Amino acid sequence: MLDEVLARLGPDATGYLLNCSASELEQGKPHTLTPQQRGALEFLHALEDVFAPSPFGEGAVDSRWTANLASPGCQGIDSLANEVRLHCGGELPKAPATFSELERTLADLALRVYPALLVKGKGTERESRPSFSVHNHDLSGPFQRMVITDTVLSEAFVHSGEDGSDQKCLVTPSLGGRRQLMGFADTLIWAGWKMAKAHDKAPDAGQLAKAAVSSLRVVREAISGKDVQIPVRIGVAGVLLPAGTASLEFPWGKVRRVDETDQIFIGTTPLKGSLARGNEDSEDLAIAYSGDLVLETTCSYTVKVVDSEQMQGIEFKSGPQQEIQRKFESIALGILLTSPEARPVVVRAWQSVLDPLIDGIPISWSEVDRNWQISPRRLTEEEVFSWQLWSARVQEFRIPEIGIAIRRALAATAYREAPEDALIDAVTGWENLVGTRANTVSSVTGALARLLTEQDGDVAMAKRKLANVYDARSRLVHGDPKTEDSVVRENSIDAVMTLLRALRKIFDTDRHLLDYSKSSERARILLDE
């Protein structure tokens, strides 16, 4: 009987019901059942006979199971699943007493449908989303009534008395989520489940309830106009941390090693395999295309209340995505500035923003296996410290007006396969830093020569070398057929190195240049004009 129940419910749900170890069930270890557990198995097996055959196909989750597990028990217990668990000697989860009545109702609903979330069909990792169980639960109605009488949430859900439809709905214009009252509880519980699994591979019922309530609070505070942040995770590919380092702290988040909680995101991407190469110490290194590190950070979150009929006219703002982009650019440029000569490169493998109003796992990813510029590299303790230092400087002192230079530096070092493209990127970055409308070549090369030449150095010679690189770029752009590949490659390396050195100086000893928003003003300061 145990095998049949396991095949239908999976080890997590079966372990919860029988109050035994899900991992032992999953590994097929022999398990001595108590009389109570055997009785529970007989009851569950009888349900299997009633439901069989499943109309949902091999390996699919049978929604009749999830609905019955979340339904009220025969002995007055809050759900059938918890009645079975109690019969097997398990404890029943309870919502914290500190919750408000609205929060406690949502938490109780989450606790009752928790077992249904654990159900997995045989031979599949697909999870069960018990929306039907939530919609039809006896707590769903009271929760909706509390929502429309709440001083904040009532503004978001104006209920029509004629046909029962919502006249208002929630929209997150920054990230695209949308929800109406009927599905609000289901959305919050599913968001709580994703959040709980992002912190624990096998969250318990209490973790689910707290995460669901946390999602409710985030939405409520966002509606009221408060400054709200939501979690963001970004897979980082290209480097490995030193053996004794588990994570790095940054002012806006932390970079840590990938762990099992990240599989909820990585598993939804096609990123497979790794890149292996030896280093100068004869150490064989391999980096995963899905990333060996994760950046944990946050982004601002806004929620708007709009008329249901006006949904098509909503414009989605890019502010939060730009905020995330800047944070990643800070660590990507920061690691480059630790050693421009060595060019340690990190790229974004995947990204997920945990918006409580979005269904599923919102995730985007890059084709890291097609990136020619990354190379396995294990950082030293000194490089790790320097990475933190330079990243913090970039994030704190950058101004929007040099964003092009930053992005072109990252493109040239991390994403460009052709040296021609890297050369054009780098010189464009020069112009963004110190470009002028008149006498562009002379002004740009002169300003950079002043910036990068040591006190006793030959500024004129440095300017001539930079002018040669600039000329190579111009001939390339205008299609000069005489440009040799070796010359392009050499000039590309020089151009990128110049851009990285300039950025390093600007974020270190010459930060006063960032007081000027125009590139021409920065050039004027350097040229003493």
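Everything below is about the structure shown above.
The model shown is predicted, which means the values in this text are computed figures rather than measured ones. (Residues numbered from 1 in each chain as written. Predicted model: local features only at pLDDT ≥ 70, side-chain atom pairs only at ≥ 80, totals over all residues. Heavy atoms only, no water.)

Caption draft 1: A look at the sheet that holds strand β3 (residues 228-237). With respect to topology, six strands assemble into an open sheet ordered β4-β5-β8-β3-β10-β11, the strand pairing being antiparallel. Each end of this open sheet is capped by a strand with a single partner; those strands are β4 (247-250) and β11 (363-365). For this sheet, the mean inter-axis angle between neighbouring strands, taken without regard to orientation, is 20°. As paired elements, β3 and strand β10 (residues 347-353) share six bridges and run antiparallel to each other. Note on β10: the bridge partner recorded for Arg233 is Ser352. (Pairing = 2+ DSSP bridges. Helix = DSSP H or I, 4+ residues; strand = E, 2+ residues; numbered from the N terminus. Axes fitted to C-alpha atoms, helices over the stretch in contact; angles between N-to-C directions.)

Caption draft 2: View of the environment of Arg473. Residue position: Arg473 is located in helix α17 (residues 459-477). You can call Arg473 buried: its relative accessible area is 16%. If we ignore the near neighbours within four places in the chain, the residues touching Arg473 are Leu423, Ile424, Val427, Thr428 and Glu431. (Buried < 20%, exposed > 50% of the residue type's maximum accessible area, 1.4 Å probe, protein only. Contact = heavy atoms within 4.5 Å.)

Caption draft 3: Structural view of empty space enclosed by the protein. On inspection of all chains with the given rule, the structure shows one cavity of 30 Å³ or more. Approximately 30 Å³ is the volume attributed to the largest cavity. If you trace the largest cavity, you find it lined by Ala191, Lys194, Met195, Ser215, Leu354, Asp355 and Pro356. For the lining of the largest cavity, the leading source of residues is helix α9 (residues 184-197), giving three residues. Its residues assigned to classes, the lining of the largest cavity comprises four nonpolar, one polar and two charged. (1 Å grid on protein atoms, 1.4 Å probe; cavity = no way out; pocket = protein on both sides within 12 Å on 5 of 7 lines; lining within 4 Å. Points joined across faces, edges and corners; volume = space filled by probe spheres on them. Nonpolar A, V, L, I, M, F, W, Y, C, P; charged D, E, K, R; others polar.)

Caption draft 4: Inspection of unusual backbone geometry at higher detail. Despite not being glycine, Asn19 shows a phi value in the positive range, around 60°. Of note, Asn19 is situated in the loop between α1 (2-18) and α2 (22-26). In this model, Arg343 sits at a positive phi of 55°, which is unusual for a non-glycine residue. Looking at where Arg343 falls in the secondary structure, it is placed in the loop between α12 (319-338) and β10.

Caption draft 5: Expanded view of the pairing of β3. Here β3 lies mainly inside the structure; eight of its ten residues are buried. By the bridge criterion, nine bridges tie β3 to strand β8 (residues 293-301) in an arrangement that is antiparallel. Its bridge partner being in β8, Val232 is matched across the sheet by Thr297.

Caption draft 6: Up close: the state of the cysteines. One pass over the full model with this rule turns up zero disulfides. As a non-bridged cysteine, Cys20 has Cys88 as the owner of its nearest cysteine sulfur, 8.1 Å distant. A residue is classified by how much of its surface remains accessible, and Cys20, at 15% relative accessible area, is buried. (Disulfide = S-S within 2.5 Å.)

Caption draft 7: Structural view of helix α13 (residues 381-397). In a regular helix each residue adds 1.5 Å, so 17 residues correspond to 24 Å; α13 covers 25 Å between its end C-alpha atoms and thus fits that length. By the burial criterion, the buried members of α13 are Glu383, Val384, Ser386, Trp387, Trp390, Ser391, Arg393 and Val394. Residues of α13 that are buried make contact with β4, β5 (253-257), β8, α12 and α18 (485-506). (Expected span 1.5 Å × (residues − 1).)

Caption draft 8: Broad picture of α9. The terminal C-alpha atoms of α9, which comprises 14 residues, lie 20 Å apart, in line with the 20 Å expected from a rise of 1.5 Å per residue. Most of α9 is tucked away, with 14 of its 14 residues classed as buried.

Caption draft 9: View of the packing of aromatic side chains. On inspection of all chains with the given rule, the structure shows seven aromatic pairs. An angle of 65° between the planes, with centres 6.0 Å apart, marks the rings of Trp430 and Tyr470 as edge-to-face. On the criterion of sequence distance, the pair formed by Trp430 in helix α15 (residues 419-434) and Tyr470 in helix α17 is long-range, its members being 40 residues apart. It is Arg85 that lies over the ring of Tyr16; its NZ or CZ is 4.4 Å from the centre. (Phe/Tyr/Trp six-rings, centres within 6.5 Å; stacked < 30°, edge-to-face > 60°. Lys NZ or Arg CZ within 6 Å of the ring centre and 35° of its normal.)

Caption draft 10: Quick look at the pairing of β10. Burial within β10 is extensive, with seven of its seven residues counted as buried. Here three bridges tie β10 to β11, and the two strands are oriented antiparallel to one another. Along β11, the bridge assignment pairs Gln351 with Ser364.

Caption draft 11: How the structure looks around the pattern of salt bridges. Within this structure, the stated rule accounts for 18 salt bridges. Residue Arg377 is joined to Glu383 by a salt bridge in which the shortest nitrogen-to-oxygen separation is 2.6 Å. Assessed through its relative accessible area of 22%, Arg377 is described here as partly exposed. Shared partners join several salt bridges into a network, and the residues in it are Arg233, Arg256, Asp259, Asp262 and Glu296. (Salt bridge = Lys/Arg side-chain N within 4 Å of Asp/Glu carboxyl O.)

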